[in-house]
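# Coordinate inspection notes
Each chain, letter by letter, is given below.
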Amino acid sequence: MPAGELIRQGQHVMTVCNACRYCEQYCPVFPAMENRLTFATADLTYLANLCHNCGECLYACQYAPPHEFAINVPRTLAEIRAHSYEHYCWPRSLGLAFRHSNLLTGAGLAAALIAIMFAATLVVNGGRLPRPVGAGDFYAVVPHDVMVILFGGVFLFVLAAIGVATVRFWRDVQAVTPPPTRGPAAGVRALRDVLTLRHLHGSGADCTSAEETRRPWRRWFHHCAFYGFLLCFASTSVAAIYDAIGWRAPHGYGSLPVLLGTAGGVALLVGPAGLLLQRRRRDPSLGGPAQDGLDQSFIALLLLTALTGLLLLVLRERAVMSALLIVHLGAVLALFLTLPYGKFVHGIYRAAALVAYARESRV
Amino acid sequence: MAVNGDLEICDVAVIGGGNAGLCAALTAREAGARVIVLESAPRHYRGGNSRHTRNLRCMHDGPGHLLTDTYAEGEFLSDLLRVTGNDTDDVLARLVIRGSAECPEWMRRFGVRFQSSLRGTLHLARTNAFFLGGGKAVMNSYYAAAERLGIQVLYDAEVVGLDLIDGRFRAASVLINGHVRTIRARAAVIAAGGFEANLDWLREVWGDAADNFIIRGTPYNKGTLLKLMFDAGAQSVGDARECHAVAVDARSPKFDGGIVTRLDSLSLGIVVNQQGERFYDEGEDFWPKRYAIWGTLIARQPDQIAFSIVDSRTAGTFMPSVFPPIVANSVRELATLLNLPPERLETTVSAFNAAVRPGSFDHAVLDDCRTSGLSPEKTHWAQRIDSPPFWGYPLRPGITFTYLGLKVDRRGQVLMRGGEPAGNIYAAGEIMAGNILRKGYIAGVGMTIGTVFGRIAGGEAARHAGR
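Quick caveat: nothing in here was measured; it's all calculated off a predicted structure. (Residues numbered from 1 in each chain as written. Chains lettered and ligands numbered in written order. Predicted model: local features only at pLDDT ≥ 70, side-chain atom pairs only at ≥ 80, totals over all residues.)

Here the focus is the overall build of chain B. Counting its regular elements, chain B contains 12 helices and 19 strands. The C-alpha atoms of chain B give a radius of gyration of 23 Å, which matches the 23 Å a tight globule of 467 residues would have. With respect to the principal axes defined by its C-alpha atoms, chain B has extents near 75 × 50 × 40 Å. Taken across its 467 residues, chain B has 54% of its residues classed as buried. In chain B, the proportion of contacts linking residues at least 24 apart, taken out of those at least 6 apart, comes to 75%. (Helix = DSSP H or I, 4+ residues; strand = E, 2+ residues; numbered from the N terminus. Rg over C-alpha atoms; globule rule 2.2 N^0.38 Å. Buried ≥ 20, exposed ≤ 12 C-beta atoms within 10 Å, placed from the backbone. Contact = placed C-beta atoms within 7 Å.)

Here it is, written out as structure tokens:
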């Protein structure tokens with residue numbers, strides 16, 4: 001759906017909802033909507049990113065299709081949300097590449113990066129993959145400085161891209177929500193909502209996967225993915241600190257980076273795999289097609305990263321380690337490069353919207 | 001359920017799949033009866049007018065997490081007497097009021113969820129329990145519970161005939177997929193609503209004016225069961241002209257527009273008819289107490305149309321409506337856009353403005369802003385309409401439900417014209433609400449009547465069926 005039509009559809013939906021208000025205690029979307037009489041693009045962006053797609057309001061809606069008003073709040077907001085990811089990303093031209101077949105783009109990027117890294121390694125090592133003598137000597141396969149420059153560079157780029165996008169998003173949301181409050185109260189409330197996924201069980205029951213079917217799994221799998229990602233990130237950060245003080249990988253099985261990485265890796269397998277299964281069982285009318293590709297690409301890269309990371313840990317003393325390391329590094333690079341242009345940004349925008357909501361609902 | 005060719009046999013047949021019908025079905029099923037629900041709507045539109053409801057009026061002795069303060073039997077009854085002009089059946093009314101106390105807990109058992117009393121749009125937190133997500137969510141819970149308990153539900157199943165012998169129900173003829181099937185049952189609960197969606201019947205009562213009515217609720221309440229039962233000798237209650245009707249936006253869909261088509265701007269400005277003239281005191285009383293008279297008021301105006309006019313002073317201070325206002329920078333321009341005689345509207349507005357007495361405006365109380373020397377006067381919230389832009393909304397009568405119904409006794413048993421009860425036929429919900437109120441309305445009492453009498457009728461029907 002073209003952007004203009006999407007916004008008009010959003011305005012139609014919110015106008016009907018605002019005259020009805022039966023759903024006002026399901027989640028923050030409706031109280032936030034009630035603070036408004038008209039819905040500009042920025043209002044819709046804000047509301048769309050507040051929506052957790054729990055689905056309750058679709059089944060409760062007396063105006064849901066086939067009613068002529070054709071109100072489907074979860075789907076409409078999901079489509080506006082997906083559009084907002086593309087709209088705010090930086091540089092904008094890269095966002096366009098992810099609009100269609102996001103899964104193909106993500107998988108293709110991973111495959112290309114892995115292929116390039118294989119080729120480079122082969123060229124540098126005279127047509128053969130290096131066979132490290134020492135157990136798990138990763139740097140014999142990809143030199144230490146290459147890794148630092150490559151990953152450091154990608155990390156800085158990703159940080160900049162997400163930073164610019166967040167500022168753009170936040171500027172628009174701030175224009176349509178109350179000014180900052182003194183003190184940390186709003187931030188603390190928003191943080192609690194993010195860390196507990198409160199609005200996936202905010203109305204006292206779990207979120208829906210179909211009419212009158214409420215299950216806790218989506219929330220728990222999301223927790224696995226979220227905290228698994230944080231653990232893996234923590235593992236990498238600790239390893240980077242170790243590296244800076246001259247304490248080089250590989251680290252022992254009982255070391256902090258390995259423990260964090262193992263726990264995170266397992267959670268990152270369970271969470272995304274569970275979410276993928278959940279998605280297939282969910283009522284398809286709750287989400288838009290735009291969302292599907294975004295989800296699948298992010299989930300696939302998370303799974304590939306977690307799987308190859310764990311395999312690398314188990315098989316790091318075997319000959320297959322060289323190939324596995326290249327695949328893992330390629331997957332991680334692809335995952336990071338797609339972060340600013342994929343589903344990952346939903347967490348940042350959702351958190352920002354919840355901060356704005358915490359300010360707004362305080363008054 | 002025994003199936004014999006086109007014949008299906010059960011203990012209790014529930015005709016109508018709205019709130020009252022499902023309450024009856026669940027109660028009868030829990031009592032051990034084999035129950036079949038015949039719902040004339042397709043699955044998407046199941047639930048009758050209940051899918052448009054939002055709350056249930058409920059007496060209670062003390063504050064709880066659902067309702068604040070107390071709402072005692074006496075106060076509930078006096079609220080009912082006030083709106084009905086003391087015209088009620090005291091026994092049945094008290095039965096409903098006392099029964100309302102335990103409704104929320106009973107509803108919860110079947111998965112119905114309520115809002116907390118701390119928040120909410122309407123100021124009814126003391127008297128009314130609000131459904132989380134509204135009436136359609138309630139119906140979803142009930143239908144899911146019905147499926148768990150083994151109640152058979154047939155959608156798109158319109159009852160077209162009743163087989164009655166000596167006032168006893170034997171079977172119903174049901175049109176399903178173009179075939180008439182016979183459903184036999186030991187007892188029947190009729191919970192099929194009023195006749196507000198039957199345009200021919202409305203025309204019989206209201207004449208050509210009915211063509212301009214908008215039906216706010218389900219298109220499936222055609223009054224078929226009312227007619228079939230009257231033909232079979234059932235006693236009626238209430239007047240066919242009495243209905244709940246509010247002012248809705250004239251641009252609303254003919255059926256099923258529900259809550260969003262009503263307009264709350266009327267008491268803040270003036271209301272004129274097609275000739276550009278005022279015809280009723282817009283500020284007579286608080287809007288929630290008066291909004292249900294405007295449907296009938298507009299129905300009596302030429303071509304059943306009226307126009308709510310406000311200016312920028314009050315724009316944005318009432319609940320937003322689903323259709324945009326028609327906006328103009330002068331009264332004359334607004335008249336042209338609304339197809340009203342421009343001079344007449346200008347005269348009406350300037351006469352109104354000249355009659356407005358000074359006062360301090362407060363929409364939350366019966367304030368002292370009134371007109372003097374007008375006919376009709378506007379007795380509260382009268383403010384000059386002189387601050388452009390001007391907003392206009394076209395209005396039509398929006399009929400919510402009708403009061404003509406089946407007379408019942410305290411067991412929900414349908415009474416025949418001789419005064420004797422029909423042996424095994426019970427009624428619940430909108431089709432018998434006229435026993436308790438025949439005119440006027442208090443918010444949420446329809447769902448209370450449906451729930452209390454649905455449970456009574458379901459229990460009695462199951463007992464009658466020997467379960």
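On we go.
Below, the discussion takes up the overall build of chain A. When helices and strands are tallied, chain A shows 14 helices and 2 strands. Here the C-alpha atoms of chain A give a radius of gyration of 22 Å, agreeing with the 21 Å that 2.2 N^0.38 yields for 363 residues. Over its C-alpha atoms, taken along the principal directions, chain A stretches across nearly 70 × 45 × 35 Å. A total of 363 residues make up chain A; the buried ones form 44% of that total. Sequence-distant contacts, at least 24 apart, represent 76% of the contacts inside chain A between residues at least 6 apart.

Residue and element names in this part refer to chain B. Split into domains, chain B comes out as domain 1 (2–239 + 403–464) and domain 2 (245–398). Each of domain 1 and domain 2 was reduced to a C-alpha centroid, and the two centroids are 35 Å apart. Tallying the contact residues gives 13 residues for domain 1 and 17 residues for domain 2. (Domains from an automatic or database assignment.)

By size, the foremost hydrophobic cluster in this structure holds 246 residues, and its most contacted members are V12, I15 and V189 of chain B. Discounting residues that sit within four places of it in the chain, V189 of chain B has contacts with V12, V14, I15, G21, A24, Y426, A428, A457, G458 and A461 of chain B. (Core = buried A, V, L, I, M, F, W, Y, C linked by C-beta atoms within 7 Å.)

Before going further, it helps to spend a moment on the confidence of the model for chain A. For any part of a model where pLDDT is low, the fine detail of the predicted coordinates should not be relied upon. Overall, the prediction assigns chain A a mean pLDDT of 91, with 96% of residues at 70 or greater. Averaged over each element, pLDDT in chain A is lowest for helix α6 (residues 92–97) of chain A (79) and highest for helix α3 (residues 41–50) of chain A (97). (pLDDT = per-residue confidence, 0-100.)

How big an interface is tends to be reported as the loss of accessible area on association of its parts. Contact residues are listed per partner, giving 24 residues for chain A and 27 residues for chain B. Elements with a contribution of two residues or more to the side of chain A that touches chain B: α1 (3–20) and α4 (56–60) of chain A. When residues of the side of chain A that touches chain B are assigned to their parent elements, the largest contribution, 5 residues, is made by α1 of chain A. For the side of chain A that touches chain B, the class distribution of residues is 11 nonpolar, 7 polar and 6 charged. (Nonpolar A, V, L, I, M, F, W, Y, C, P; charged D, E, K, R; others polar.)

Residue and element names in this part refer to chain A. The domain boundaries assigned to chain A delineate domain 1 (3–88) and domain 2 (92–362). Computed from C-alpha atoms alone, the centre-to-centre distance between domain 1 and domain 2 is 28 Å. The set of elements that each furnish at least two residues to the side of domain 1 that touches domain 2 consists of α2 (29–34), α3, α4 and α5 (73–88). No other element matches α5, which puts 9 residues into the side of domain 1 that touches domain 2.

Another aspect to go through is the packing of α3 of chain A against α5 of chain A. All names here are of chain A. Look at α3 against α5: their axes get within 8 Å of each other, and the N-to-C directions meet at 110°. Regarding the angle of α3 to α5, the classification is roughly perpendicular. Only L77, I80, R81 and S84 of α5 make contact with α3, whose side of the interface consists of L44, T45, L47, A48 and N49. In terms of residue class, the contact of α3 with α5 is made up of 5 nonpolar, 3 polar and 1 charged. (Axes fitted to C-alpha atoms, helices over the stretch in contact; angles between N-to-C directions. Parallel < 35°, antiparallel > 145°, perpendicular 65-115°, else oblique.)

All names here are of chain A. When the terminal C-alpha atoms of helix α7 (residues 102–124) are compared, their 33 Å separation across 23 residues agrees well with the 33 Å that a helix rising 1.5 Å per residue should span. Listing the buried residues of α7 in full gives N102, G106, L109, A110, I114, M117 and T121. Two residues or fewer past α7, G126 is found with a positive phi of approximately 65°. (Expected span 1.5 Å × (residues − 1).)

Residue and element names in this part refer to chain B. Residues S375 and P376 are joined by a peptide bond in cis, for which omega reads -5°. With respect to the helices and strands, the residue P376 is situated in the loop between α11 (342–355) and β16 (390–402). That bond from P388 to P389 is cis: its omega, 0°, falls within 30 degrees of zero. Along the chain, P389 turns up in the loop between α11 and β16.

Now for the packing of helix α2 (residues 73–84) of chain B against helix α3 (residues 90–100) of chain B. Residue and element names in this part refer to chain B. Close contact between α2 and α3 brings their axes to 10 Å; oriented N to C, the two are set at 130°. Put simply, α2 runs oblique to α3. Every pair of crossing elements has a handedness; the one defined by α2 and α3 is right-handed. Contact residues: α2 offers E73, F76, L77 and L80, while α3 offers A93, R94, I97 and R98. Split into classes, the residues belonging to the contact of α2 with α3 amount to 5 nonpolar, no polar and 3 charged. (Left-handed = near helix turned anticlockwise from the far one by under 90°.)

Residues and elements named next belong to chain B. For α11, which comprises 14 residues, the first-to-last C-alpha distance of 20 Å matches the rise-based estimate of 20 Å (1.5 Å per residue) to within 8%. Every buried residue belonging to α11 is among L345, T348, V349 and F352, and all of these are buried. All buried residues of α11 fall inside an arc of 90° around its axis, so they share one side. Projecting away from the buried face of α11 at angles above 90 degrees are the exposed residues E343 and A354. (Arc of directions from axis to C-beta.)

A few words on the pairing of strand β9 (residues 179–190) of chain B. Residues and elements named next belong to chain B. Where strand β2 (residues 7–15) meets β9, 8 bridges bridge the pair, whose relative direction is parallel. Counterpart to L7 in the pairing with β9 is T182. Here strand β8 (residues 168–176) pairs with β9 via 6 bridges, running antiparallel. The residue of β9 that forms the bridge with S173 is T182. (Pairing = 2+ DSSP bridges.)

Residue and element names in this part refer to chain A. By the secondary structure assignment, L113 is in helix α7. Expressed as a C-alpha distance, the spacing of L113 and V332, which sit 219 residues apart in the sequence, is 9.8 Å. Those residues in contact with L113, other than ones at most four positions away along the chain, are G330, L333 and A334.

Further remarks concern the confidence of the model for chain B. For chain B, mean pLDDT is 94; residues scoring 70 or higher make up 97% of the total. If you check the scores for this complex, the pTM reads 0.94 and the ipTM reads 0.94.

Residues and elements named next belong to chain B. Buried residues dominate β16, accounting for 12 of its 13 residues. Here strand β10 (residues 214–215) runs beside β16; their pairing, made up of 2 bridges, is parallel. Bridging from a neighbouring strand, I215 pairs with I399 of β16. The pairing of strand β12 (residues 243–249) with β16 spans 7 bridges and is antiparallel. In the sheet register, V246 faces β16, and the bridge partner there is G398. In the sheet, strand β14 (residues 306–311) pairs with β16 via 6 bridges, with the strands oriented antiparallel. Looking at the pairing, S308 lines up with Y393 of β16. Bridge analysis of strand β15 (residues 326–328) against β16 gives 3 bridges, and the strand direction is antiparallel. Its bridge partner lying in β16, V327 is registered against W391.

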